[in-house]
Amino acid sequence: MGAAVTVVDAHHHVWDLSVRDQDWITGPELAPLRRNFTVADLAPEARAAGVDRTVLVQTVTVAEETPEFLALAAEHDLVAGVVGWTDLTRPDVADELARLRELPGGRYLKGIRHQVQGEPDPRWLLRADARRGLAAVAEAGLVYDLVVLPHQLPACVQAAADHPGLTFVLDHLGKPPIASGEREPWETAVRSLAALSNTVCKVSGMVTEADLASWTVADLRPYADVVLDAFGPERLMFGSDWPVCTLAASYGQVIDTARELTEKSDLRQIFETTAARVYDL
């Protein structure tokens, strides 16, 4: 990518199981994640891969996590932004967002995310209380990260159309079924989302949607090509999804794979400029 290009990793996590459980880490397949992962663990791998800034993303719907992440950002030069969680449906969500920004490290709050993928209602984002919360996120000048499954993408399209002043960032390409090789209805829905100018997509989370043990770059390419075509490099950003990615690949493998998948595009946009712009890093 050239020596002048610095890399932003726009999506990673950390957790400390002595502080709180990560109740989503269940079963033998996820067992390797049942330990602590810290910024200090990530830093040497990130620096070795040319990453100089990251965005730390929420993992659980627990109010205490976001203040902890803001404090981590204030403590570690590597973390340049935080996508936190707050209850979008609470009546005083605007006041809560303002409170978070007044905390130590509050200036690092760049976005909000909710585990919509776990909501049984595929139209959760279109509920009146969620819509009010999205409006508050927009009013606060923050962005909204979408962690959803393919069947929830139509609601994302409607939400983005209804809130043109809010930037929606699609995490993990909307989790296409890479392991099965199927592309529909994911492709049609993700192209509909990309047709809206206030949407952005993360080139992230692909290796863990593929076969964990035997994935190849060729398995991932059809899905990467769809978002490259639909969003263009100016609305794509790289994210490692560390440490979840380690179920299928090392940090270095993930970034090398992303480079290979996007090598014919504007790598500076995908690996630096888009994230820096969207998250105001």
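Our subject is the structure listed above.
Residues numbered from 1 in each chain as written. Predicted model: local features only at pLDDT ≥ 70, side-chain atom pairs only at ≥ 80, totals over all residues. Heavy atoms only, no water.

**Points about the packing of aromatic side chains**
In this description, an aromatic ring pair is defined by two values, namely the gap between the centres and the angle between the planes. Under the definition given, this model contains 6 aromatic pairs. Consider the rings of Tyr144 and Phe168, whose centres lie 6.1 Å apart with planes at 70°: the pair is edge-to-face. Placement of Tyr144 in strand S5 (residues 143–146) and of Phe168 in strand S6 (residues 168–170) is noted, with a sequence separation of 24 residues between them. Using a relative accessible area of 1% as the deciding quantity, one classes Phe168 as buried. Relative to Tyr223, the ring of Trp186 lies with its centre 5.5 Å away and its plane at 55°, an arrangement referred to as tilted. You can see Trp186 sitting in helix H6 (residues 186–194) and its partner Tyr223 sitting in helix H7 (residues 217–231), a full 37 residues away along the chain. (Phe/Tyr/Trp six-rings, centres within 6.5 Å; stacked < 30°, edge-to-face > 60°. Helix = DSSP H or I, 4+ residues; strand = E, 2+ residues; numbered from the N terminus. Buried < 20%, exposed > 50% of the residue type's maximum accessible area, 1.4 Å probe, protein only.)

**Let's talk about the environment of Leu42**
As for its position among the elements, Leu42 is in helix H1 (residues 39–48). For the pair Leu42 and His12, spaced 30 residues apart in sequence, the C-alpha to C-alpha distance is 9.2 Å. Apart from the residues lying within four places of it in its own chain, the contact partners of Leu42 are His12, Leu78, Trp242 and Tyr251. (Contact = heavy atoms within 4.5 Å.)

**A look at the sheet that holds S5**
Spatially, 8 strands are ordered S1-S2-S3-S4-S5-S6-S7-S8 in an open sheet, and the strand pairing comes out parallel. Looking at the sheet topology across the chains shown, the edges are occupied by strand S1 (7–12) and strand S8 (236–238). Averaged over all adjacent pairs, the angle separating strand axes in this sheet is 25°, with direction ignored. Sheet topology note: the S6/strand S7 (residues 199–203) ladder contains 3 bridges and is parallel. Bridged to Phe168 within S7 is Thr199. Across the sheet, helix H9 (residues 267–278) touches S1, strand S2 (51–57), S5, S6, S7 and S8, and the angle it forms with S8 is around 105°. (Pairing = 2+ DSSP bridges. Axes fitted to C-alpha atoms, helices over the stretch in contact; angles between N-to-C directions.)

**Examining the environment of Phe168**
For the pair formed by Phe168 and Arg99, sequence separation is 69 residues and the distance between their alpha carbons is 22 Å. In this structure Phe168 touches Leu134, Tyr144, Leu146, Ala159, Ala160, His163, Asn198, Thr199 and Val200, once residues within four positions along its chain are discounted.

**Some words on the side chain of Asp9**
Mapped onto the elements of the fold, Asp9 is located in strand S1. Although Asp9 lies buried, it forms no salt bridge, and the closest oppositely charged side chain, Lys202, sits 7.7 Å away as judged by the N-O distance. Among the polar contacts made by the side chain of Asp9, one reaches the side chain of Tyr251 at a distance of 2.7 Å. Ignoring anything within four residues of it in the chain, the contact list for Asp9 reads Val51, Arg53, Thr54, Val55, Phe238, Gly239, Ser240 and Tyr251. (Lys, Arg positive; Asp, Glu negative; His and termini not counted. Salt bridge = Lys/Arg side-chain N within 4 Å of Asp/Glu carboxyl O. Polar contact = N/O pair within 3.5 Å; in protein donor to acceptor, adjacent residues only side chain to side chain.)

**Quick word on the nonpolar core**
Residues Leu125, Tyr144 and Met206 are the most contacted members of the largest nonpolar core, which totals 85 residues. The greatest single-element share of this core, amounting to 9 residues, is contributed by H7. What Tyr144 contacts, discounting residues up to four positions off in sequence, is Leu88, Ile112, Arg113, His114, Val116, Trp124, Leu125, Leu134, Leu166, Thr167, Phe168 and Val169. Core analysis: the second largest hydrophobic core is formed by 12 residues, Val8, Val55, Val57 and Val200 among them. (Core = buried A, V, L, I, M, F, W, Y, C linked by side-chain atoms within 4.5 Å.)

**Looking at the packing of helix H3 (residues 93–102) against helix H4 (residues 128–139)**
One can describe the packing of H3 onto H4 by two numbers: an axis separation of 9 Å at closest approach and a directional angle of 35°. Crossing angle aside, the handedness with which H3 passes H4 is right-handed. Contact residues: H3 offers Val93, Ala94 and Leu97, while H4 offers Gly133, Ala136 and Val137. Considered class by class, the residues forming the contact of H3 with H4 number 5 nonpolar, 1 polar and no charged. (Left-handed = near helix turned anticlockwise from the far one by under 90°. Nonpolar A, V, L, I, M, F, W, Y, C, P; charged D, E, K, R; others polar.)

**Quick word on the pairing of S7**
Side chains on a regular strand alternate between the two faces of the sheet. In terms of residue burial, S7 counts as a mostly covered element, since 5 of its 5 residues are buried. The alternating pattern of S7 places Thr199, Cys201 and Val203 and Val200 and Lys202 on opposite faces, both of which are buried. A crossover connection joins S6 to the parallel S7 through H6; in handedness this β-α-β unit is right-handed. Note: S7 against S8, 3 bridges, orientation parallel. Bridging from a neighbouring strand, Cys201 pairs with Leu236 of S8. (Right-handed = clockwise from strand over helix to strand, strands pointing away.)

**Overview of the packing of H7 against helix H8 (residues 251–261)**
Between H7 and H8, whose axes approach to 10 Å, the crossing angle comes to 60°. Judged on the interaxial angle alone, H8 and H7 are oblique. At the point where H7 passes H8, the crossing takes the right-handed sense. The segment H7 lies against H8, with Val217, Leu220, Arg221, Ala224 and Leu228 engaging Thr257, Glu260 and Leu261. The class makeup of the residues in the contact of H7 with H8 is 5 nonpolar, 1 polar and 2 charged. (Parallel < 35°, antiparallel > 145°, perpendicular 65-115°, else oblique.)

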